[in-house]
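Chain and residue survey
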Amino acid sequence: MATVHLRIGDLVWGKLGRYPPWPGKIVSPPKDLKKPRGKKCFFVKFFGTEDHAWIKVEQLKPYHPHKEEMIKINKGKRFQQAVDAVEEYLKKAKGKDQTHSDDKSKSEKGRKTAKPMKIIEEDDEDPFKGGLSDKPASSMEPITKRLKIIEEDTKSTSIQAADSTAINGSITPTDKRIGFLGLGLMGSGVVSNLLKMGHVVTVWNRTAEKCDLFIQEGARLGRTPAEVVSMCDITFSCVSDPKAARDLVLGPSGVLQGIRPGKCYVEMSTVDPETITELAQVITSRGGRFLEAPVSGSQQLSNDGMLVIVAAGERSVYEDCSSCFQAMGKTSFFIAGEAGNAARMMLILNMVQGSFMATIAEGLTLAQATGQSQQTFLDILCQGQMASTFVDQKCQNILQGNFKPDYYLKHIQKDLRLAISMGDSVNHPTPMAAAANEVYKRAKALDQSDNDMSAVYRAYIH
């Protein structure tokens, strides 16, 4: 293969970790951002996003020769917006070049020589302006997510939110050793992003084969949850339900056997407040430090490092997890008060999302039953006040019969069940959630448990 010579200003396709090639521009890195040691790499800022990272030279391809190839193999609205941003940038650069050439030709009449003109310079107009990002060009400076404090006069007293920018090459990873237990739909994306941003990660999964890919990417392997906790300073857990969360901590060779004074345990599973309270008590009884940090999102958002993290528990653990949360999410919130508050908030969020999904499916099926076009229904919906990426993607998947799991139907039904139970505990009515829960139970009876939550649609047509 012929050697490709790249330099600052070149447009390229950059491959970052397990993500598809993405269009970007080679730029000079911030002065205080050191180049990784070892293999040759370039600092790339990606179009249509706020992301920028060091990319190994073998993971880069020139933009123009590979444009058609990349467009064929990559799909999606965000990808198309990124390509459109490149083309808009090229148009502006061409117009700028033409203007400079015309001015130069007028001023140089009668001259015998002219200096060559550089078309694309590092300090030219920011190519990402007009893309998905609304940040100013100064966002090229190293990003350490700034923190905002919002004071409330409620039981939660305060919420701490980290400003968004999800995946970026300027995160300074913690020097603490990180453990991660559970490599399901959500956990896999989280671990990939932790590794990508330079964290030292030890992994364990009940099905050991799922660890292989991450070992290849640089993770270390723990033989048991207890071993992972004993090896690491901070251990995260992300499993399916309250029973799995309890078993991981209290079971044979479980987390509790590896906890020592000062060790941090972060429960990211979406479970009920009672389970969180129990786990917090047993961890702290051994001198451990506890934080709950369930996440809002999907497999795709996990892969993209765009999860929303809701945390509660020991504030100092939250602060110790700062670089980890930056790598895995676009925003994190700290809810003051007792452990369990984050679980309560997440169950409410998922209750709303699950009920909304069931209602959208009901609308699509009613449209069909009354002779209306489902596609027209979706087109109208996506032009109104309820328009969102969630609605568009879920409805398109339904119309295409694509129920590949992005968030398991069985898990959203579990969240609805736990939210209803939480409402019962405080004598608060949850009639909409209860109705939606029955529809999801019907979908589970139709063997849709391991499909995406949008498969609730099938409960209306069978």
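Look above for the structure.
Quick caveat: nothing in here was measured; it's all calculated off a predicted structure. (Residues numbered from 1 in each chain as written. Predicted model: local features only at pLDDT ≥ 70, side-chain atom pairs only at ≥ 80, totals over all residues. Heavy atoms only, no water.)

**Side note on the pairing of strand S13 (residues 289–292)**
Counted only if it meets this: Relative accessible area decides the class of each residue, using a 1.4 Å probe on protein chains only: under 20% of the type maximum gives buried, over 50% gives exposed, and in between gives partly exposed. Numbering of helices and strands starts at the N terminus; helices are DSSP runs of H or I of at least 4 residues and strands are runs of E of at least 2. Following DSSP output, two strands are said to pair if at least two bridges run between them. The handedness of a crossover follows from its direction of travel: if, with the strands pointing away from the viewer, the path from the first strand over the helix to the second runs clockwise, the crossover is right-handed.
Alternating residues of S13 divide into Arg289 and Leu291 and Phe290 and Glu292, and every residue in both groups is buried. Note that strand S12 (residues 264–267) and S13 share four bridges and pair parallel. The residue bridging Val266 from the neighbouring strand is Leu291, located in S13. Each parallel crossover has a hand, and the one from S12 via helix H8 (residues 273–285) to S13 is right-handed. Taken together, the two bridges between S13 and strand S15 (residues 307–313) define a ladder with antiparallel strand orientation. What sits directly across from Leu291, in S15, is Gly313.

**Regarding the packing of helix H12 (residues 341–369) against helix H13 (residues 374–381)**
Operational definition: Fitted lines through C-alpha atoms give the axes, limited to the stretch in contact for helices. The angle between two N-to-C directions lies from 0 to 180 degrees. Every angle not falling under 35 degrees, over 145, or within 65 to 115 is termed oblique; those three ranges are roughly parallel, roughly antiparallel and roughly perpendicular. Definitions for this section: a left-handed crossing has its near helix turned counterclockwise from the far helix by less than a right angle. A right-handed crossing has that turn clockwise. Pairs of residues are marked as contacts when any of their non-hydrogen atoms sit within 4.5 Å. In this classification, Asp, Glu, Lys and Arg are treated as charged, Ala, Val, Leu, Ile, Met, Phe, Trp, Tyr, Cys and Pro as nonpolar, and every other residue, Gly included, as polar.
Axis separation between H12 and H13 bottoms out at 8 Å; the angle between their running directions is 135 degrees. With respect to H13, the element H12 is oriented oblique. Judged by the sense of rotation from one axis to the other, the crossing of H12 with H13 is right-handed. Between H12 and H13, the residues in contact are Ile360, Gly363, Leu364, Thr365, Ala367 and Gln368 and Gln374, Phe377 and Leu381, respectively. The residue makeup of the contact of H12 with H13, split by class, is five nonpolar, four polar and no charged.

**Description of the sheet that holds strand S2 (residues 22–26)**
Taken together, the five strands give an open sheet; going across it, the order is S4-S3-S2-S1-S5, and neighbouring strands pair in antiparallel fashion. What marks the edges here is a single partner per strand, and that holds for strand S4 (52–56) and strand S5 (60–62). Shown here is a sheet whose adjacent strand axes are inclined to one another by a mean of 45 degrees, direction ignored. As judged from the three bridges shared by strand S1 (residues 11–14) and S5, these two strands associate in the antiparallel manner. Directly across from Trp13, in S5, lies its bridge partner Lys61.

**Examining H8**
For the record, the criterion: Here the expected span of a helix is defined as 1.5 Å times the quantity of residues minus one.
For H8, which comprises 13 residues, the first-to-last C-alpha distance of 18 Å matches the rise-based estimate of 18 Å (1.5 Å per residue) to within 8%. Within the span of H8, buried status applies to Pro273, Thr275, Ile276, Leu279, Ala280, Val282 and Ile283. For H8, the secondary structure elements touched by its buried residues are helix H6 (242–250), helix H7 (255–258), S12, S13, H12 and helix H15 (409–425). A positive phi of about 90 degrees marks Gly287, the residue just after H8.

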